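Spelled out from the first residue to the last, the chains are:
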Amino acid sequence: MRIERVELLLVELPLVRAFRTSFGTETTRAAILVHVETPEAEGWGECVASREPLYSSEFNDAAWSVLSEFLVPALLAAGPDVAAEDVAEALAPFKGHRMAKAALELAVLDAKLRSTGQSLQEYLGGSGDRVTPGVSVGITDTIDELLAIVAAHRDEGYRRVKLKIEPGFDLEPVRRVRSLLGPDFPLQVDANTAYSRADIDHLAQLDELGLLLVEQPLAEEDLLGHAELARRMSTPVCLDESIVSARTAEDAIEIGACSVVNIKAGRVGGYLEARRVHDVCRARNVPVWCGGMLETGIGRAANLALATLPGFLLPGDISATDRYYREDVTAPFALEAGSIAVPHRPGLGVEVDRKVVDRLAVRRAETSRAS
Ligand code: NPG
């Protein structure tokens with residue numbers, strides 16, 4: 001692909017309802033979109049970093065800076081022709097910044113697939129027309145409020161619920177939601193690293209609640225702590241923040257730190273590495289599911305394609321658009337009879353509404369090839 005021009009756009013989308021986790025509250029999603037132009041086609045990518053470094057060390061201003069100062073120039077310097085499969089290697093000299101790298105790689109991949117007429121789903125090796133998603137419900141001020149939100153999502157047709165938990169908001173709210181939904185409804189919890197090894201006995205009490213899994217209770221670096229927890233509880237331990245590559249997935253599984261993996265392409269540096277994480281897990285019979293980071297329609301389209309790979313055996317955090325946004329940069333994704341349609345057209349399979357992007361953009365930069 002000859003990349004002629006790369007544009008960065010920071011867009012702001014107000015959330016329908018504030019989203020609270022153990023690490024903070026989001027009321028607006030600010031996302032960096034990457035737009036590449038080649039003679040054959042354009043391509044779009046989305047960076048899943050947030051405004052502040054609360055979920056992980058990455059955040060928008062850092063992603064913007066590393067993209068504009070280092071990653072985009074390195075990509076343009078990689079030669080007149082660069083294949084989507086070579087983007088990661090061209091960016092590898094720069095440590096970390098996986099979410100920023102993933103966004104750039106996705107934009108190049110989208111342009112390539114649009115020019116060859118292949119869908120991202122087909123390219124990644126997925127199959128099927130629809131994905132059955134779950135919904136992730138934030139922490140609320142009261143348990144009654146939580147119950148009302150969960151009941152509304154169940155009535156909309158979501159077939160799996162994930163509850164955010166933190167110290168002081170765990171056993172009791174989860175117990176109440178379990179009795180609301182009944183013993184068989186798929187229910188899981190996510191702590192976003194809010195606990196420590198001293199809480200292992202407390203966390204083990206979640207075993208009574210019939211959960212699908214407990215996600216990332218301990219710190220990102222604490223693989224041994226998760227292995228200890230996994231020995232002490234019967235509920236499967238799932239890792240999110242700790243898994244930053246196929247290598248860490250392999251190691252975490254090897255030492256018994258998790259028996260389920262949440263795959264987020266941004267967290268691991270791109271959809272190609274996400275596929276490698278999937279492959280590593282599948283070879284070890286470890287089920288995976290697709291995580292979400294309040295993506296716009298760009299990231300959501302890509303996640304739907306990824307979630308159709310065969311090892312994605314659990315519902316992912318890929319809710320319908322209206323769960324987060326009144327207006328999006330693509331046409332909305334709707335929940336119909338409990339599932340969402342996977343785009344099949346070339347590339348991401350969605351048209352990005354340039355007028356909406358321009359209206360929502362609060363910052364822009366562009367770099368063109370010198371010759
Ligand atoms: O449906 O997109 C979604 C959100 C799912 O809970 C969700 N995401 O910790 O996984 C997470 C959490 C998150 C949101 C993380 C925003 C970081 C930023």
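Counting from 1, residues in each chain are numbered in the order their sequence is written. Reporting in this predicted model follows two pLDDT cut-offs: at least 70 for local features of residues, and 80 or more for side-chain atom pairs to be given and counted; totals over whole chains, interfaces and linings ignore these cut-offs and use all residues. With hydrogens and water stripped out, all remaining heavy atoms of the structure feed into the side-chain values.

Is there a simple way to think about the overall build of the protein in this case?
Check the secondary structure of the protein and you find 13 helices and 13 strands. Summarising its shape, the C-alpha atoms of the protein cover approximately 65 × 40 × 35 Å along the three principal directions. Within the span of the protein, comprising 371 residues, buried residues form 59% of the whole. A total of about 14400 Å² of accessible surface is found on the protein, and carbon and sulfur atoms cover 49% of it. Here the protein carries 40 positive and 56 negative side-chain charges, and the mean point of each set is 1 Å from the other. Comment: elements are numbered from the N terminus, with helices defined as DSSP H or I runs of at least four residues and strands as E runs of at least two. Exposure categories follow from relative accessible area, calculated using a 1.4 Å probe and restricted to protein chains: below 20% of the type maximum is buried, above 50% is exposed, and the middle band is partly exposed. The accessible surface values rely on the Shrake-Rupley method and a 1.4 Å probe; as for residues, cover is taken only from the protein chains in view. Residues scored as positive are Lys and Arg, those scored as negative are Asp and Glu, and His as well as the terminal groups of each chain are ignored. Lys charges are placed at NZ, Arg charges at CZ, Asp charges at CG and Glu charges at CD.

Looking at this structure, I do not really get the packing of helix H1 (residues 60-77) against helix H3 (residues 98-116). What am I missing?
Inter-axis angles, ranging from 0 to 180 degrees, are taken between N-to-C directions of lines fitted to C-alpha atoms, where helices are fitted over the stretch in contact. Interhelical geometry of H1 versus H3 gives an angle of 45° and a closest axis separation of 10 Å. Put simply, H1 runs oblique to H3. Like other packed secondary-structure pairs, H1 and H3 cross with a definite hand, here right-handed. Facing H1, whose interface residues are Ala63, Val66, Leu67, Leu71, Val72 and Leu75, H3 presents Ala100, Lys101, Leu104 and Val108. For this scheme, ten residues count as nonpolar: Ala, Val, Leu, Ile, Met, Phe, Trp, Tyr, Cys and Pro. Four count as charged, namely Asp, Glu, Lys and Arg, and the remainder, Gly too, count as polar. Class assignment of the residues belonging to the contact of H1 with H3 gives a composition of nine nonpolar, no polar and one charged. Every angle not falling under 35 degrees, over 145, or within 65 to 115 is termed oblique; those three ranges are roughly parallel, roughly antiparallel and roughly perpendicular. With the far helix as reference, a near helix turned anticlockwise by less than a right angle produces a left-handed crossing, and one turned clockwise produces a right-handed crossing. Residues count as neighbours in contact if any of their non-hydrogen atoms are within 4.5 Å of one another.

I would appreciate a short explanation of the site of the ligand in the present structure.
In the vicinity of the ligand lie 17 residues, with Ser136, Asn192, Lys264, Leu294 and Tyr324 positioned nearest. In the model, an oxygen atom of the ligand is placed 2.7 Å from a nitrogen or oxygen of the Ser136 side chain. Here Asp190 contributes a side-chain N or O atom positioned 3.5 Å from an oxygen atom of the ligand. Protein contact buries 99% of the 430 Å² of open area that the ligand shows by itself. Residue classes in the shell around the ligand are distributed as six nonpolar, four polar and seven charged. Here a residue counts as near a molecule or strand whenever at least one of its heavy atoms sits within 4 Å of it. Any pair of N or O atoms that falls within 3.5 Å is considered a polar contact. Within protein, one atom must be able to donate a hydrogen and the other to accept it, and sequence-neighbouring residues count only if both atoms are side-chain atoms.

How do you make sense of the sheet that holds strand E5 (residues 135-137) when you look at a structure like this?
Adjacent strands of a sheet form backbone hydrogen bonds with each other and so pair up, either parallel or antiparallel. One requirement defines pairing of two strands: DSSP has to find at least two bridges between them. With parallel pairing, seven strands are arranged side by side in an open sheet as E5-E6-E7-E8-E9-E10-E11. The two strands at the open ends of the sheet, each matched to only one other strand, are E5 and strand E11 (288-290).

I tried to follow the pairing of strand E6 (residues 161-164) on my own but got confused; where do I start?
Walk down a regular strand and you will see the side chains alternate between the two sheet faces. Here E6 shows two buried faces, one formed by Val161 and Leu163 and the other by Lys162 and Lys164. Relative to E6, E5 runs parallel, the two sharing three bridges. In the strand pairing of E6, Val137 is matched with Leu163. A crossover counts as right-handed when, viewed with the strands pointing away from the observer, the path leading from the first strand over the helix to the second turns clockwise. As for the winding sense of the linkage, the β-α-β connection from E5 through helix H5 (residues 143-156) to E6 is right-handed. Taken together, the four bridges between E6 and strand E7 (residues 187-190) define a ladder with parallel strand orientation. Paired with Leu163 across the two strands is Val189, which belongs to E7.

What's the story with H5 in this structure? I'm lost.
Owing to its 3.6 residues per turn, the α-helix brings residues three or four apart onto one side. The span you would expect from a helix comes to 1.5 Å times its residue count less one. With 14 residues, H5 extends 20 Å from end C-alpha to end C-alpha; this agrees with the ideal 20 Å at 1.5 Å per step. Taken together, the buried positions of H5 are Ile143, Leu146, Leu147, Ile149, Val150, Ala151 and His153. Close packing links the buried residues of H5 with strand E1 (5-21), E5, E6 and helix H6 (171-181). Directly after H5, the chain includes Gly157, whose backbone phi takes a positive value near 120°.

What is the right way to look at the environment of Gly45 in this model?
Tracing the sequence through the fold places Gly45 in strand E3 (residues 42-47). On the accessibility criterion, Gly45 (0% relative accessible area) is buried. Note: C-alpha distance between Gly45 and Leu109 (64 residues apart in sequence) is 8.7 Å. Leave out the neighbours within four places in its chain, and Gly45 touches Ile32, Leu33, Val34, Ala103, Leu106, Ala107 and Ile298.

Explain the pairing of E7 here, please?
Side chains Leu187 and Val189 of E7 all project onto a buried face; the interleaved residues Gln188 and Asp190 project onto the opposite face, where all are buried too. As a crossover connection, the stretch from E6 through H6 into E7 is right-handed.

Would you take a moment to explain the pattern of salt bridges for this structure?
Two side chains that carry opposite charge are able to pair once their charged atoms sit near each other. Here, a salt bridge means any Lys or Arg side-chain nitrogen found within 4 Å of an Asp or Glu carboxyl oxygen. Under the criterion given, the structure shown has 35 salt bridges. Between Arg5 and Glu7 there is a salt bridge; the shortest N-O distance is 3.9 Å. Residues Asp190 and Lys164 are paired through a salt bridge, measuring 2.6 Å at the closest nitrogen-oxygen approach. Of this pair, Asp190 sits in strand E7 while Lys164 is found in strand E6, placing the two residues 26 residues apart along the sequence. The pair Asp190 / Lys164 is uniform in exposure class, with both members buried. Salt bridges here are not isolated pairs; linked through shared partners, they connect Arg5, Glu7, Glu37, Arg354, Asp358, Arg364 and Glu366.

Even after reading the chapter, I still don't get the packing of helix H9 (residues 246-254) against helix H11 (residues 271-283), so can you show me in this structure?
Each pair of packed helices gets described by two things: the angle between the helix axes and the distance between those axes. Between H9 and H11, the shortest axis-to-axis distance is 8 Å and the interhelical angle comes to 20°. When the axes of H9 and H11 are compared, the pair comes out roughly parallel. The handedness of the crossing between H9 and H11 is right-handed. Facing H9, whose interface residues are Ala246, Ala249, Glu250 and Ile253, H11 presents Glu273, Arg276, Val277, Val280 and Cys281. Considered class by class, the residues forming the contact of H9 with H11 number six nonpolar, no polar and three charged.

None of this, on its own, says anything about what the molecule does.
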